[in-house]
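Structural characterization, general
Residues per chain are reported as follows:
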Amino acid sequence: MKPSRILISVLLAATVALNVSAQSRNSRKAAKNTPKPAAAAPSPGKILFDNMLPNTQKVFVIDSVVVDKEEILNAIPNPKENGTLVSYNEFFNTLDNDGHIVYVNGFGNKCFYSEPDSVGNAKLFTRDKVGNSWSKPQSLEGISGFADEMSFPFMMSDGNTLYFAAKGKESVGGYDIFVTRYDAENGRYLKPENIGLPFNSSANDYLYIEDDLDGLAWFVTDRNQPEGKVCIYTFIPNETRENYDLSDTPEPRMRKLAAISQIRDTWPSEAERERAMQRVYQMTQRNMSSAKSADAIRFVINDNVVYRSVSDFRAAGNADKYRLLAQLYKQASDDEQRMEQLRERYHYAEAPQRERMRPEVIAAERALEKLKAEIRAQEISIRNAENLLLTQ
């Protein structure tokens, strides 16, 4: 082969090699620049959960039990003095609102429940018992933003603090538990707040109950449960909120505490848990007792002593003081009923009439608060006198 032909062949081979190398680099560069599929955006519920996680409340969970969802109302040993929970369909003798419940206060003269309003949005309503019949429903003003569903109301013994379950944009999962308080000055409820973790989860969290006399509480959830089952947690409510310390609680452990993966992790000690279980047992036994005398009462003296009869009082004059206290209880119940009726008239009144009624409403509310303060003072006086004798 001639030298010129050899040179041409070499040049052609080099050109082909360069083109192949460039194509390979371009192919790798194109592959490198190909955008990866975007990760799915976190749901609003997950974002809310992550925001709540650092403020997970420290709660002493005593025990838990799993029951059928239909058995919730029978499975919580809530004393009747705190009110009763009845299925909506049983209370109203209907089949229209299956799965919802009605809360009736301890006096039996006020109820709370949920049902759709005139445009189909979920609303909470209340009624007062006048004689043997219930008044017309009155919506709870100030509670809004829950277009889906609401249920499981429970009113604390103060008559102002209301817990309920709802689905909405501020829910972590399905149902979440919310709390609101009645603002007597404005005649409406404050904006409901999600009570946070560990009470709420990505599942359905239904019911929150506090027994402030026994210092016990319960909440109901279907987290980690098969279809149709719920878990009822018994716990000791905090007098003031206490959150877990982030400085010594790594995130994985915080997530377990928020989910209540093991109730043992919440116990201050085995001994304290045993004492708490004894309190639950005593309360349950008391509730199961059917023998009640004519003067049967329930008056808490201290953490370990509850009087069941007027004859239990030891201090001189305390039996008469309690009888007076019982009259004050009745007066407060009657005044609360009249107060609600006055609020109802105020709510439906025209603006000029409201202006005339406003001083009357404020005066009635102040009188009721004064009466409640007198009741609390009388209770403290009776307890102090009894405890003085019990410690001798």
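Residues numbered from 1 in each chain as written. Predicted model: local features only at pLDDT ≥ 70, side-chain atom pairs only at ≥ 80, totals over all residues. Heavy atoms only, no water.

1. A few points about the overall build of the protein chain
Just so we agree on the cut-off: Numbering of helices and strands runs from the N terminus; a helix is a DSSP stretch of H or I covering at least four residues, while a strand is a stretch of E covering at least two. Type-normalised accessible area, obtained with a 1.4 Å probe on protein chains alone, sets the label of each residue: buried when under 20%, exposed when over 50%, and partly exposed for intermediate values. Residue contacts are defined here by distance: any two heavy atoms, one from each residue, within 4.5 Å place the two residues in contact.
A tally of regular secondary structure across the protein chain gives 8 helices and 17 strands. Out of the 392 residues in the protein chain, the part that is buried amounts to 41%. Of the contacts made within the protein chain by residues no fewer than 6 positions apart, 55% connect residues no fewer than 24 positions apart.

2. Structural notes on the nonpolar core
For clarity, the cut-off: The criterion is simple. A nonpolar core is a set of buried Ala, Val, Leu, Ile, Met, Phe, Trp, Tyr and Cys residues joined through side-chain atoms within 4.5 Å.
With 55 residues, the main nonpolar core has Ile143 and Leu207 as its most contacted residues. With 6 residues, the top contributor of residues to this core is strand β15 (residues 229-236). Ignoring anything within four residues of it in the chain, the contact list for Ile143 reads Lys123, Leu124, Met150, Leu162, Phe164, Thr180, Tyr189 and Pro192. In terms of nonpolar packing, the next biggest core, distinct from the first, is built from 13 residues, Ile297, Tyr322, Ala332 and Leu371 among them.

3. Concerning the environment of Val230
Tracing the sequence through the fold places Val230 in strand β15. Overall, the relative accessible area of 1% leaves Val230 in the buried class. Spatially, the C-alpha atom of Val230 lies 5.5 Å from that of Lys69, the residues being 161 residues apart in sequence. Sequence-distant contacts of Val230, that is, excluding residues within four places in its chain, are made with Val65, Val66, Val67, Asp68, Lys69, Ile72, Tyr206, Val220, Thr221, Asp222 and Gln225.

4. Looking at the sheet that holds strand β1 (residues 60-68)
The cut-off we apply is this: Strands are labelled as partners when DSSP assigns at least two bridges between them. Interaxial angle, 0 to 180 degrees, is taken between N-to-C directions of lines fitted to C-alpha atoms, where a helix line uses only the stretch in contact.
Within the open sheet, the 4 strands sit side by side as β1-β15-β14-β13. Their pairing is antiparallel. Where the open sheet ends on each side, the last strands, each with one partner, are β1 and β13 (205-211). Sheet twist, expressed as the average angle between the axes of neighbouring strands with direction ignored, equals 15°. Judged from the 5 bridges that link them, strand β14 (residues 216-221) and β15 form a sheet pairing that is antiparallel. Its bridge partner being in β15, Phe219 is matched across the sheet by Tyr233.

5. Observations regarding the packing of helix α7 (residues 318-348) against helix α8 (residues 351-390)
Note the following rule: Comment on the angle field: the value is read as roughly parallel under 35 degrees, roughly antiparallel over 145, roughly perpendicular from 65 to 115, and oblique elsewhere. In this scheme, a crossing is called left-handed if the near helix is turned counterclockwise away from the far one by less than a right angle; it is called right-handed if the turn is clockwise. Three categories are distinguished: nonpolar for Ala, Val, Leu, Ile, Met, Phe, Trp, Tyr, Cys and Pro, charged for Asp, Glu, Lys and Arg, and polar for the others, with Gly belonging to the last.
Between α7 and α8, the least distance of the axes is 9 Å, while the angle of their chain directions is 160°. One way to sum up the angle between α7 and α8 is to call them roughly antiparallel. Considering the relative orientation of α7 and α8, their crossing is left-handed. Residue composition of the contact of α7 with α8, grouped by class: 17 nonpolar, 5 polar and 13 charged.

6. Structural notes on unusual backbone geometry
Omega for the peptide link from Leu197 to Pro198 comes to 10°, which places this bond in the cis form. Locating Pro198 in the fold gives a position in the loop between β12 (193-194) and β13. One non-glycine residue, Asn93, lies in positive phi territory at about 55°. Tracing the backbone through its elements, the reader meets Asn93 in the loop between α4 (88-92) and β3 (101-104). Assessed through its relative accessible area of 72%, Asn93 is described here as exposed. Of note, Phe152 is a non-glycine position whose phi angle comes to about 55°, a positive value. Structurally, Phe152 can be placed in strand β8 (residues 150-155).

7. Describing helix α5 (residues 251-259)
The following threshold applies: Arc definition: it is the arc formed by the directions from the helix axis to the C-beta atoms.
When α5 is considered as a whole, its buried residues turn out to be Met254, Leu257 and Ala258. One side of α5 holds all its buried residues, which, seen down the axis, span an arc of 100°. Of the exposed residues in α5, those oriented more than 90 degrees away from the buried face are Pro252 and Lys256. Among the residues trailing α5, Ile260 stands out with phi positive, at a value near 50°.

8. Considerations on the pairing of β8
Along β8, 6 of the 6 residues are buried, which leaves the element largely enclosed by surrounding structure. As judged from the 4 bridges shared by β8 and strand β9 (residues 161-166), these two strands associate in the antiparallel manner. Along β9, the bridge assignment pairs Met155 with Leu162.

By themselves, these are just geometric observations and shouldn't be taken as functional.
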